[in-house]
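Spelled out from the first residue to the last, the chains are:
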Amino acid sequence: MSDTDDPRTDGDAPAMRSHGRLAISASARPRELMTPNPRLKDAWTARIITLFPEAFPGTLGLSLTGKALNEGLWALEPIDLRAFGVGKHRNVDDTPAGGGAGMVLRPDVVDRALGVASAGTPGDRARWPVLYLSPRGKPFRQADAERWSKAEGMTLLCGRFEGVDERVLEAHGVEEVSLGDFVLTGGEIAAQALIDATVRLIPRVLGNRDSIEEESFSSGLLEHPQYTRPAVWKDREVPEVLLSGHHARIETWRRDQAERLTKQRRPDLWRAYRGDVADDGDPGGDREL
């Protein structure tokens, strides 16, 4: 899609969208999603620069993240990139220097948006990361979500078209992050996934903190298989050890299953895990499963 495909004219106001109890309108300034309760002091905040602010909160407004958003445990502030466009049609992109297909987001437009997004935020990137969702970025890991959940908030730039002018990324010290080796039409879906992974680690967002410690990637391994009632379903039984009540045996079984699955499905994680275990002096790190 080209920038000129946008049907809005200079006099058109962005449409108001409803997302259940949450309402959103596009703005050139960071704008909190309106909730029945005020934002809690020092609430973790996500500012998203996007051409499609109506995409938010999306799934972030559902379930536990949506409940936490309504309760003010975290805040969401979409910033409409179109508002910073140039000319009658608020153009935000132009043809690639040197030729080629597609369009590139202009540095002056993105610079103004990032400037507004930085208002009131600390300059220390550890306290407030600025991220660009890009397929060429560093792979997103659980450790990143854990680190970012301890920050005060973050700014996310959602790319479109062929990408963003490199100069503005360099000027603002933007960190590029990728969800995987695939390409999306834009960064909005990736931004929602990244925010969800981060927000759920904020204290009080999830009811059971133990579940975070036991899930995939938290220990460097994939999570063990899970079972529940009924004990027998279509001739398939819950493993006997899980019904034994013997906590030490259960923990050993779960650990063995997690290691087996990781070795089979994610050899890269398994190699990293074995290295970590070896560093800790655990002689079991090189055992065969």
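Up top is the structure.
The rules behind these values
- Residues numbered from 1 in each chain as written.
- Predicted model: local features only at pLDDT ≥ 70, side-chain atom pairs only at ≥ 80, totals over all residues.
- Heavy atoms only, no water.
- Salt bridge = Lys/Arg side-chain N within 4 Å of Asp/Glu carboxyl O.
- Helix = DSSP H or I, 4+ residues; strand = E, 2+ residues; numbered from the N terminus.
- Buried < 20%, exposed > 50% of the residue type's maximum accessible area, 1.4 Å probe, protein only.
- Phe/Tyr/Trp six-rings, centres within 6.5 Å; stacked < 30°, edge-to-face > 60°.

Draft legend 1. Structural view of the pattern of salt bridges. With the rule as written, the count across this model stands at 15 salt bridges. A single network of salt bridges, built from pairs that share partners, joins Lys138, Asp144, Arg147 and Glu175.

Draft legend 2. The environment of alanine 28, seen in detail. Mapped onto the elements of the fold, alanine 28 is located in the loop between β2 (22–24) and β3 (44–50). Residue alanine 28 is classed as partly exposed on the basis of its relative accessible area, which comes to 29%.

Draft legend 3. The arrangement of the packing of aromatic side chains in detail. On inspection of all chains with the given rule, the structure shows four aromatic pairs. Ring geometry for tyrosine 227 versus tryptophan 253: centroids 6.4 Å apart, planes at 55°, classification tilted. Highlighted residues: tyrosine 227 in the loop between α6 (209–214) and β10 (232–233) and tryptophan 253 in helix α7 (residues 247–265), separated in sequence by 26 residues. In this structure tyrosine 227 comes out as partly exposed when scored by relative accessible area, which is 42%. Judged by its relative accessible area of 16%, tryptophan 253 falls in the buried class. Relative to tyrosine 273, the ring of tryptophan 270 lies with its centre 5.5 Å away and its plane at 35°, an arrangement referred to as tilted. Note that tryptophan 270 and tyrosine 273 are positioned in helix α8 (residues 267–279) at a spacing of three residues, about one turn of the helix.

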